[in-house]
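Observations on the three-dimensional arrangement
Here's the letter readout for the chains.
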Amino acid sequence: MNDLLNQIQLVGEWLTSSAQWHGDDGIPHRLAEHLTYSGLSLLFATLIGLAFGLLVGHTGRGAFAVATVANLARAIPTFGLVVLVVTLAGLSTAPVLVALVALAVPPILINTFEGVRGVDPDARDAAKGMGMTGWEVLLKVEVPMALPLILLGLRVAAIQVVATATVAAYPGLGGLGRYIVDGLSRNDYQLVIGGSAVVVALALVVQAVFTALRRAVVSPGLRPAVAKS
């Protein structure tokens, strides 16, 4: 109990120190770097995952290939991928983005695919009976009904990316992971714990944002589908 209280005190002292809120090594600057890596990675992963998830879920073609690729992507060790790409491409933001995109695509892809594929066939038939084209069925029927699972996939991907973007610090780049890497190298556990606390807080904020987004855009009748997932 005393150890826990001491750790909380260390984190509090670190967070309230004026030195942590100014300069290139301050929390605002490191947070901006972290959000940049995370945001770009999630954007690219969303474009890829949604495009293929909607296409395969709507047409039913390539489902086995999508599942196989997604499972393979899940098996790729993020840190190992960063090191490999750094070795091949040199030190830059590219290795971090590649690794984080590879991490974020599977949950978006799979949840989008499952959401569209799970739409009630009667709803599809009714839409076609009204004269809707394939694209209209997808956009006006399938996507709204699949939205709970799509948002679930985006939420899982976003939290994973925010938590894993700390790997950006290992090849010498910035982000909140710098506190953890530098703290470990100096045996400065106050820095390690403080940096970890900021990452956890950011992940909780992301969770809250997606919870609010779900309440805002998902029909109340479809919300239980998210709770069960």
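Right above here is the structure, for reference.
Residues numbered from 1 in each chain as written. Predicted model: local features only at pLDDT ≥ 70, side-chain atom pairs only at ≥ 80, totals over all residues. Heavy atoms only, no water.

**With respect to the pattern of salt bridges**
Rules: Basic side-chain nitrogens of Lys or Arg form a salt bridge, by our definition, when they fall within 4 Å of a carboxyl oxygen of Asp or Glu. Working definition: helices are DSSP H or I runs of at least four residues, strands are E runs of at least two. Numbering for both runs from the N terminus. Residue burial is assigned from relative accessible area. The probe radius is 1.4 Å, only protein chains are included, and a residue is buried under 20% of its type maximum, exposed over 50%, and partly exposed in between.
Counted under the stated rule, the structure contains six salt bridges. Across the salt bridge formed by Glu33 and Arg30, the nearest N and O atoms sit 3.0 Å from each other. Taken as a pair, Glu33 and Arg30 lie in helix H2 (residues 27-59) at a separation of three residues, close to a single helical turn. Overall, Arg30 belongs to the buried group, its relative accessible area being 12%. As a salt-bridge pair, Arg186 and Asp182 come within 4.0 Å of each other at their nearest N and O atoms. Taken as a pair, Arg186 and Asp182 lie in helix H8 (residues 177-186) at a separation of four residues, close to a single helical turn.

**Brief notes about the environment of Thr93**
Note the following rule: Whether two residues are in contact is decided by their heavy atoms: any pair within 4.5 Å suffices.
Locating Thr93 in the fold gives a position in the loop between helix H4 (78-89) and helix H5 (94-117). Spatially, the C-alpha atom of Thr93 lies 7.6 Å from that of Leu173, the residues being 80 residues apart in sequence. Those residues within four positions of Thr93 in sequence are excluded, and the remaining contacts are Tyr37 and Leu173.

**Quick notes on the side chain of His34**
Note on placement: His34 falls in helix H2. The class for His34 is buried, based on a relative accessible area of 0%. His34 has contacts with Val162, Ala165, Thr166, Gly175, Leu176, Gly177 and Leu202, leaving out every residue within four places of it along the chain.

Taken by themselves, the reported measurements are silent on function.
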